[in-house]
Amino acid sequence: MKRSYNVAVVGATGAVGTEMIRVLEEREFPVAELRPLASARSAGTEVRFRGDEVRVQELTDQSFEGIDIALFSAGGSVSARFAPAAAAAGAVVVDNTSHFRMEPDVPLVVPEVNPHAIAGYKARGIIANPNCSTIQMVVALKPLHDRARIRRVVVSTYQAVSGTGKRAIEELERQSRELLNFREPTRQVYPHQIAFNCLPHIDVFLPNGYTKEEMKMVNETRKIFEDDSVRVTATTVRVPVFYGHSEAVNVEFEKRITAQEARELLEAAPGVVVVDDPAENLYPLAVDAAGKDPVYVGRIREDESVENGLNLWVVADNVRKGAALNAVQIAEILIREYL
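The structure displayed is predicted, hence computed values, not measured ones.

Draft legend 1. Seen up close, the pattern of salt bridges. What the rule picks out here adds up to 25 salt bridges. For E112, the salt bridge goes to K321, with nearest N and O atoms at 2.8 Å. Separated by 209 residues along the polypeptide, E112 in the loop between strand 7 (92–95) and strand 8 (126–128) and K321 in helix 8 (residues 320–337) bring together distant segments of the chain. Both residues of the pair, E112 and K321, belong to the buried class.

If you want it as structure tokens, here you go:
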């Protein structure tokens, strides 16, 4: 293990890239050189790291010379083009896009769930970060799956606009102002008004009637759990919240597990905070999760409609645990155990 590492952040000026840099600093990751990379449009701007202004460089094939770890969050086409170049230059890539997630020789990792999978990075020099909504769900489900084995998951999500990026955050803010001033809301990012509305449409629709986002949750959950027998069905919804995804998760198990047992397992689980006292109006809220690291779980109750079922309400900051933090946690395991 070296004392410090050269780290590139691709997409450094975007919502997730900015958060990656913040998390690297907050967690005191041993960065020797931070190399922020972005498109030609953003090159020359500066990002703040450890009290200094660091100049953003234009992303090219030559950007990764001397880099140990490259954190990517600039879109699937950018990762497809430049992640192999980074790996060829000797960097280990942690990619936050969907491009590599389902490729069999690329590990898909949530550190609290399947850290052992990181060892597979040697095949291509790339590790995939799962989808934000998948990450928080599997963190909550892992201790329950280990105890009683999941048969089926039915999940409905309530996803913040920050999952779409900076332009979507600006759109929600702008539309809210427009509507509150009795003006017609302008649409640029979403096909419908997002302010004061819910859109049952995240990513593109597929021939089976599901969206890509919904099928990501299905396929990624199975890959992370290394169990194709786990059945998952999802409905993903964009809601007028800036930060923090919420999920209503219904789980059917092979064995019976009580709500109290589930509560105790989750209270002991890494990365999970249980907030579950309905009598005192205590349950996870997106506004409380924003800017925080844990996955919050509450409304834990037995499903009275099936023999071995539970209902959970799961909330996390999608930009932190759902993206930037998960990537940095992977990097921490890399330097501790592999590099």
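Additional details are given in the paragraphs that follow.
Draft legend 2. Spatial organisation of the layout of surface pockets. Looking at the largest pocket, its volume works out to about 1400 Å³. Looking at the largest pocket, it is lined by 47 residues, and the ones nearest its centre are A74, G75, G163, T164 and G165. Contributions of two or more residues to the lining of the largest pocket are made by helix 1 (15–26), helix 2 (76–88), helix 4 (166–180), helix 5 (212–225) and helix 8. It is helix 5 that provides the largest number of residues to the lining of the largest pocket, a total of four residues. Partitioning the lining of the largest pocket into residue classes produces 16 nonpolar, 21 polar and 10 charged.

Draft legend 3. Structural detail: the environment of V204. As for its position among the elements, V204 is in the loop between helix 4 and helix 5. Judged by relative accessible area, which is 43%, V204 ranks as partly exposed. A sequence separation of 10 residues divides V204 from E214, and the C-alpha atoms of the two residues are 9.9 Å apart. Beyond its immediate stretch of four places on either side in the chain, V204 contacts Y210, T211 and K212.

Draft legend 4. Representation of the pairing of strand 9 (residues 150–159). In this sheet, strand 11 (residues 245–253) lies alongside strand 9 in antiparallel orientation, the contact comprising eight bridges. Note on strand 11: the bridge partner recorded for S156 is A248.

Draft legend 5. Looking closely at the sheet that holds strand 8. Judged by pairing direction, the sheet is parallel, and its six strands sit side by side in the order 5-2-1-6-7-8 without closing on themselves. Of all strands in the sheet, those bounded by a partner on one side alone are strand 5 (57–58) and strand 8. Against the sheet, helix 2 makes contact with strand 1 (5–10), strand 6 (69–72), strand 7 and strand 8, and its axis sits at roughly 175° relative to strand 6, the strand it touches most.

Draft legend 6. Local environment of helix 1. Over its 12 residues, helix 1 extends 17 Å from the first C-alpha to the last, a length consistent with the 16 Å expected when each residue adds 1.5 Å. Listing the buried residues of helix 1 in full gives A15, V16, G17, E19, M20, I21, V23 and L24. Buried residues along helix 1 sit against strand 1, strand 2 (31–38), strand 3 (46–49), strand 6, helix 4 and helix 8. Two residues or fewer past helix 1, E28 is found with a positive phi of approximately 55°.

Draft legend 7. Representation of the state of the cysteines. For the coordinates displayed, the defined rule picks out zero disulfides. We note that C132 lacks a disulfide partner, and the nearest cysteine sulfur, in C198, lies 17 Å from it. Among the residues examined, C132 registers a relative accessible area of 13% and is labelled buried.

Draft legend 8. The arrangement of a nonpolar patch on the surface in detail. Side chains of Y283, L285 and V287 sit close together on the surface and give an oily, nonpolar patch of about 270 Å² of accessible area. Counting through the fold element by element, Y283 comes out in the loop between strand 12 (272–274) and helix 7 (286–289). You can call Y283 partly exposed: its relative accessible area is 31%.

Draft legend 9. Region of interest: the packing of helix 1 against helix 8. Orientation of helix 1 relative to helix 8, taken along the N-to-C sense of each, is 50°, at an axis distance of 9 Å. If you check the angle between helix 1 and helix 8, you find them oblique. The chirality of how helix 1 crosses helix 8 is right-handed. Counted together, V16, E19, M20, R22, V23, L24 and E26 of helix 1 and R320, A323, A324, L325, A327 and V328 of helix 8 form the full contact between these two elements. Across the contact of helix 1 with helix 8, the residue classes tally to nine nonpolar, no polar and four charged.

Draft legend 10. How the structure looks around the sheet that holds strand 9. Here six strands make up an open sheet; going across it, the order is 10-9-11-14-13-12 and the pairing mixed. The outermost strands of the open sheet, each flanked by one partner alone, are strand 10 (231–238) and strand 12. Put simply, the sheet's adjacent strands are angled 20° from each other on average, direction ignored. As judged from the eight bridges shared by strand 11 and strand 14 (residues 309–316), these two strands associate in the antiparallel manner. Bridge pairing in strand 14 places E252 opposite G309. Here helix 3 (residues 132–148) sits on the sheet in contact with strand 9, strand 11, strand 12, strand 13 (295–302) and strand 14, set at roughly 30° to strand 11. Packed onto the sheet, helix 6 (residues 259–267) meets strand 12, strand 13 and strand 14 and runs at close to 165° relative to strand 13.

Draft legend 11. How the structure looks around the packing of helix 3 against helix 8. For the pair helix 3 and helix 8, the least separation of the axes is 8 Å and the interaxial angle reads 85°. Relative to helix 8, helix 3 is oriented roughly perpendicular. Here C132, I135 and V139 of helix 3 lie close against helix 8, whose contacting residues are K321, G322 and N326. When the residues that make up the contact of helix 3 with helix 8 are grouped by side-chain class, the tally is three nonpolar, two polar and one charged.

Calculation criteria
Residues numbered from 1 in each chain as written. Predicted model: local features only at pLDDT ≥ 70, side-chain atom pairs only at ≥ 80, totals over all residues. Heavy atoms only, no water. Salt bridge = Lys/Arg side-chain N within 4 Å of Asp/Glu carboxyl O. Helix = DSSP H or I, 4+ residues; strand = E, 2+ residues; numbered from the N terminus. Buried < 20%, exposed > 50% of the residue type's maximum accessible area, 1.4 Å probe, protein only. 1 Å grid on protein atoms, 1.4 Å probe; cavity = no way out; pocket = protein on both sides within 12 Å on 5 of 7 lines; lining within 4 Å. Points joined across faces, edges and corners; volume = space filled by probe spheres on them. Nonpolar A, V, L, I, M, F, W, Y, C, P; charged D, E, K, R; others polar. Contact = heavy atoms within 4.5 Å. Pairing = 2+ DSSP bridges. Axes fitted to C-alpha atoms, helices over the stretch in contact; angles between N-to-C directions. Expected span 1.5 Å × (residues − 1). Disulfide = S-S within 2.5 Å. Patch = residues over 30% accessible without salt bridge, like charges linked within 9 Å, V, L, I, M, F, W, Y side chains within 5 Å. Areas by Shrake-Rupley, 256 points an atom, 1.4 Å probe, with all protein chains shown as cover. Parallel < 35°, antiparallel > 145°, perpendicular 65-115°, else oblique. Left-handed = near helix turned anticlockwise from the far one by under 90°.

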